[in-house]
Amino acid sequence: VMTSFVPIIIFGGLLVGIGTKIGSGCTSGHGVCGISRLSIRSILATILFILSAMMTVFIIKLIGIN
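Bear in mind the structure is a predicted one, so any value in this text is a computation, not a measurement.

A. Quick look at the environment of G25. By the secondary structure assignment, G25 is in the loop between α1 (6-22) and α2 (27-36). Classification of G25 as partly exposed rests on a relative accessible area of 24%. As for G25 and M55, which are separated by 30 residues in sequence, their C-alpha atoms are 22 Å apart. Discounting residues that sit within four places of it in the chain, G25 has contacts with G19, T20 and H30.

Now the structure itself:
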């Protein structure tokens with residue numbers, strides 16, 4: 001059963017890597033290190049990460065995927 005998820009997991013990992021490159025850092029780095037340095041770029045990035053996560057949860061709940 002789990003082997004059917006391997007391609008999805010690999011694809012997700014690639015997307016995370018691409019997002020990290022485009023965003024000049026990972027979500028944890030922006031959230032922990034960037035905010036503690038009062039970096040406006042990191043603060044805005046973290047806000048966008050949280051808002052996009054909230055929208056994703058809302059959409060998933062709306063269309064009924066659990």
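There is more to say after this.
B. Seen up close, unusual backbone geometry. Backbone geometry places L38, a non-glycine residue, at a positive phi of 60 degrees. Tracing the backbone shows L38 in the loop between α2 and α3 (40-63).

C. Expanded view of the confidence of the model for the chain. Taken over all residues, the pLDDT of the chain has a mean of 85, while the share at 70 or more is 95%. When mean pLDDT is compared element by element in the chain, α3 scores highest at 90, while α2 scores lowest at 85.

D. Up close: α1. For α1, built from 17 residues, the straight-helix expectation of 24 Å at 1.5 Å per residue is met to within 8% by its first-to-last C-alpha distance of 24 Å. Once α1 finishes, S24 follows within two positions and takes phi at roughly 55 degrees, a positive value.

E. Quick look at a nonpolar patch on the surface. Residues I40, L44, I47, L48, I50, L51 and M54 make up a contiguous nonpolar surface patch of roughly 710 Å² in combined accessible area. Here L48 lies in helix α3. Its relative accessible area of 56% is what places L48 among the exposed residues.

Cut-offs and rules
- Residues take numbers from 1 onward in each chain, read along the sequence in its written order.
- Only residues with pLDDT of 70 or above have their local features reported here, since the model is predicted, and side-chain atom pairs are shown and tallied only from 80 upward, although totals for entire chains, interfaces and linings are computed over all residues.
- Only heavy atoms go into the side-chain values, all of them from the structure, while hydrogens and water stay out.
- Working definition: helices are DSSP H or I runs of at least four residues, strands are E runs of at least two. Numbering for both runs from the N terminus.
- Summary of the burial criterion: residues with accessible area below 20% of their type's maximum are buried, those above 50% are exposed, and those between are partly exposed, where the area comes from a 1.4 Å probe applied to protein chains only.
- The contact definition used throughout considers only heavy atoms, calling two residues in contact when any of these lie within 4.5 Å.
- As a per-residue quantity, pLDDT reports the predictor's confidence and falls between 0 and 100.
- One less than the residue count of a helix, multiplied by 1.5 Å, gives the span that helix is expected to have.
- Exposure above 30% relative accessible area and the lack of any salt bridge qualify a residue for a patch; like charges then connect within 9 Å, and the nonpolar side chains Val, Leu, Ile, Met, Phe, Trp and Tyr within 5 Å.
- All accessibility values rest on the Shrake-Rupley procedure with a 1.4 Å probe; residue burial counts only the protein chains present in the view.
- For this document, the term salt bridge refers to a Lys or Arg side-chain nitrogen within 4 Å of an Asp or Glu carboxyl oxygen.

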